[in-house]
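Letter by letter, the chains look like this.
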Amino acid sequence: MIKACFFDIDGTLYDHATQSIPDSTKKAISQLEENGIFCGIATGRHLLEIQEGNLLEDLHFDWQVTLNGQLCYDQDHLVHALPIAPELIPTILTIAKEEQIALIMVEEDRMASVGYNRWLEAAQAAVHTSIPPQANYQLPYPTIYQISAFGPLDKLALFQSIEGLRVTHWHDGAVDLIPANGNKTAGIRQLLADHQLSMQEVIAFGDGANDLDMLEAAAIGVAMGNGDKTLKQHADYITAPIGQDGIAKALRHFTLIKERKDAYV
């Protein structure tokens, strides 16, 4: 029986074409809550970005898995934190400087840029998010939970050679760097364990490559119709695109919500 539902934000909950969450999605999530199903987000974003753009609008979520699983919250309480090993930071900074790769360094309570290029500008514009202020990172480094890197794909591939690091692609010319043992599923499992739940009681929705692990681990993994081709190949179900009520249609398909006369336009 499904007892929890996790949603990616960009391209899954939040439609960048309209810069809003579809009304059908809002009403579907409200019905899930009425039916006693936990609802959570699982995103590569930081809470600061979510708040800046008011991306979740007036929706309530029980759980927030942020930074691809590196900082996870039960309501507003931090329950899981997995930073990048500090000894990896100098290597990342050196590669970025030598290859003119721009970075966004993500700490628990702030984000800062190191360098600037057209890939950084394009990626942040695509997700309607401002570029954080520049900062100079020197020893001793603060605790870093995620690093977003921006540049040509062949240059970004250099980070894959760093042992202890996971590289996840989220936009043309943009990847997130997180600990090798970190991902959305790891964060979700921590939240579930605190409530005596398992991944076999989860349905997960996503559209991008960084959603692959949670769609595979969940009892039901749903790929959005507008999603990544590879992700769709690993999904249990492919729903309609975000702008065509994809989330609501999938939840009705799996009988997690019922169609109501007042529910959808």
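From a predicted model like this one, the values you see are computed outputs, not experimental measurements. (Residues numbered from 1 in each chain as written. Predicted model: local features only at pLDDT ≥ 70, side-chain atom pairs only at ≥ 80, totals over all residues. Heavy atoms only, no water.)

A.B. asks: Quick question: what am I supposed to make of the overall build of the protein chain here?
C.D. replies: From N to C terminus, the protein chain includes nine helices and 13 strands. For the protein chain, the spread of C-alpha atoms along the principal axes amounts to about 60 × 35 × 35 Å. A separation of at least 24 residues holds for 58% of the contacts in the protein chain among residues at least 6 apart in sequence. For the protein chain, the separation between the mean place of its 18 positive charges and that of its 35 negative charges on side chains is 6 Å. (Helix = DSSP H or I, 4+ residues; strand = E, 2+ residues; numbered from the N terminus. Contact = heavy atoms within 4.5 Å. Lys, Arg positive; Asp, Glu negative; His and termini not counted. Charge placed at Lys NZ, Arg CZ, Asp CG, Glu CD.)

A.B. asks: Could you clarify how one ought to interpret the packing of aromatic side chains in this entry?
C.D. replies: A ring pair, where both rings are aromatic, is described by two values, the distance of the centres and the angle of the planes. Here the structure, examined in full by the defined rule, presents six aromatic pairs. Summarising the aromatic geometry, the rings of F6 and W63 are spaced 5.5 Å apart at their centres and angled 15° between planes, so their arrangement reads as stacked. Residue F6 is located in strand β1 (residues 4-7), and its partner W63 is located in strand β3 (residues 63-66); the two are separated by 57 residues in the primary sequence. Per residue, the accessibility class of F6 equals that of W63, and both read buried. Residues F150 and W170 carry aromatic rings whose centres are separated by 6.0 Å and whose planes lie at 90° to one another, so their mutual orientation is edge-to-face. In this pair, F150 is assigned in strand β8 (residues 146-150) and W170 in strand β9 (residues 165-171), connecting sequence segments 20 residues apart. Through successive ring pairs, a cluster of aromatic residues spans F6, F38 and W63. A cation over a ring is seen here: R118 above W119, with NZ or CZ 4.0 Å from the ring centre. (Phe/Tyr/Trp six-rings, centres within 6.5 Å; stacked < 30°, edge-to-face > 60°. Buried < 20%, exposed > 50% of the residue type's maximum accessible area, 1.4 Å probe, protein only. Lys NZ or Arg CZ within 6 Å of the ring centre and 35° of its normal.)

A.B. asks: Quick question: what am I supposed to make of helix α9 (residues 246-253) here?
C.D. replies: Two residues of an α-helix separated by three or four positions point the same way, owing to the 3.6 residues in each turn. For α9, every residue scored as buried is listed here: G246, I247, A248, A250 and L251. Immediately downstream of α9, the backbone of T255 shows phi near 55°, a positive value.

A.B. asks: Teacher, can you tell me more about the sheet that holds strand β6 (residues 102-106) here?
C.D. replies: Hydrogen bonding along the main chain pairs the strands of a sheet, whether they run parallel or antiparallel. As summarised here, the arrangement of the five strands in space is β7-β6-β8-β10-β9, forming an open sheet in which the pairing is antiparallel. Both outer strands of the open sheet, β7 (111-114) and β9, are each paired with one neighbouring strand and no more. Within the sheet, the average angular offset between the axes of one strand and its neighbour, ignoring direction, is 25°. One ladder, built from six bridges, connects β9 with strand β10 (residues 174-179); its direction is antiparallel. Paired with H169 across the strands is V175, a residue of β10. In the packing of helix α3 (residues 89-99) onto the sheet, contacts are made with β6, β8, β9 and β10, and the angle to β6 comes to roughly 155°. (Pairing = 2+ DSSP bridges. Axes fitted to C-alpha atoms, helices over the stretch in contact; angles between N-to-C directions.)

A.B. asks: Would you explain the pairing of strand β12 (residues 220-223) in this entry?
C.D. replies: Here β12 shows no split at all, with I220 and V222 on one side and G221 and A223 on the other all buried. One ladder, built from four bridges, connects strand β11 (residues 202-206) with β12; its direction is parallel. The residue of β12 that forms the bridge with A204 is G221. Taken together, β11, helix α7 (residues 212-217) and β12 constitute a β-α-β crossover, and its handedness is right-handed. Pairing of β12 with strand β13 (residues 237-238), which is carried by two bridges, proceeds in the parallel orientation. Each residue of the ladder has a partner; that of A223, found in β13, is I238. (Right-handed = clockwise from strand over helix to strand, strands pointing away.)

A.B. asks: What am I meant to see in the nonpolar core here?
C.D. replies: Note that soluble globular proteins tend to have their nonpolar side chains buried in a common cluster. Counting residues in each nonpolar core, the largest one holds 30 residues, and the members touching the most others are F7, L13, L32, F61, I203, F205 and L251. Listing elements by their share of this core, those giving two or more residues are β1, α1 (23-34), β2 (38-42), β11, β12 and α9. Counting residues per element, this core draws most heavily on α9, which supplies four residues. If we ignore the near neighbours within four places in the chain, the residues touching L251 are C5, A28, L32, I203, F205, L256 and I257. Ranked by size, the runner-up nonpolar core spans 21 residues in total, among them I84, L93, Y137 and L165. (Core = buried A, V, L, I, M, F, W, Y, C linked by side-chain atoms within 4.5 Å.)

A.B. asks: Which parts of the structure should I look at to understand the sheet that holds β13?
C.D. replies: The eight strands are arranged β5-β4-β3-β2-β1-β11-β12-β13 in an open sheet whose pairing can be described as mixed. Since the sheet does not close on itself, it has two edges, and those belong to β5 (77-81) and β13, each with one partner.

A.B. asks: I tried to follow the environment of I203 on my own but got confused; where do I start?
C.D. replies: Relative to the helices and strands, I203 is located in strand β11. Take I203: its relative accessible area is 0%, and that puts it in the buried class. Taking the C-alpha atoms as reference, I203 lies 4.9 Å from C5; in sequence the two are 198 residues apart.

A.B. asks: Which parts of the structure should I look at to understand the side chain of T12?
C.D. replies: Residue position: T12 is located in the loop between β1 and α1. Judged by its relative accessible area of 0%, T12 falls in the buried class. A distance of 3.1 Å separates a polar atom in the side chain of T12 from a polar atom in the side chain of D8. Each residue touching T12, except ones within four places of it in the same chain, is listed here: F205, G206, D207, M224, I242 and I247. (Polar contact = N/O pair within 3.5 Å; in protein donor to acceptor, adjacent residues only side chain to side chain.)

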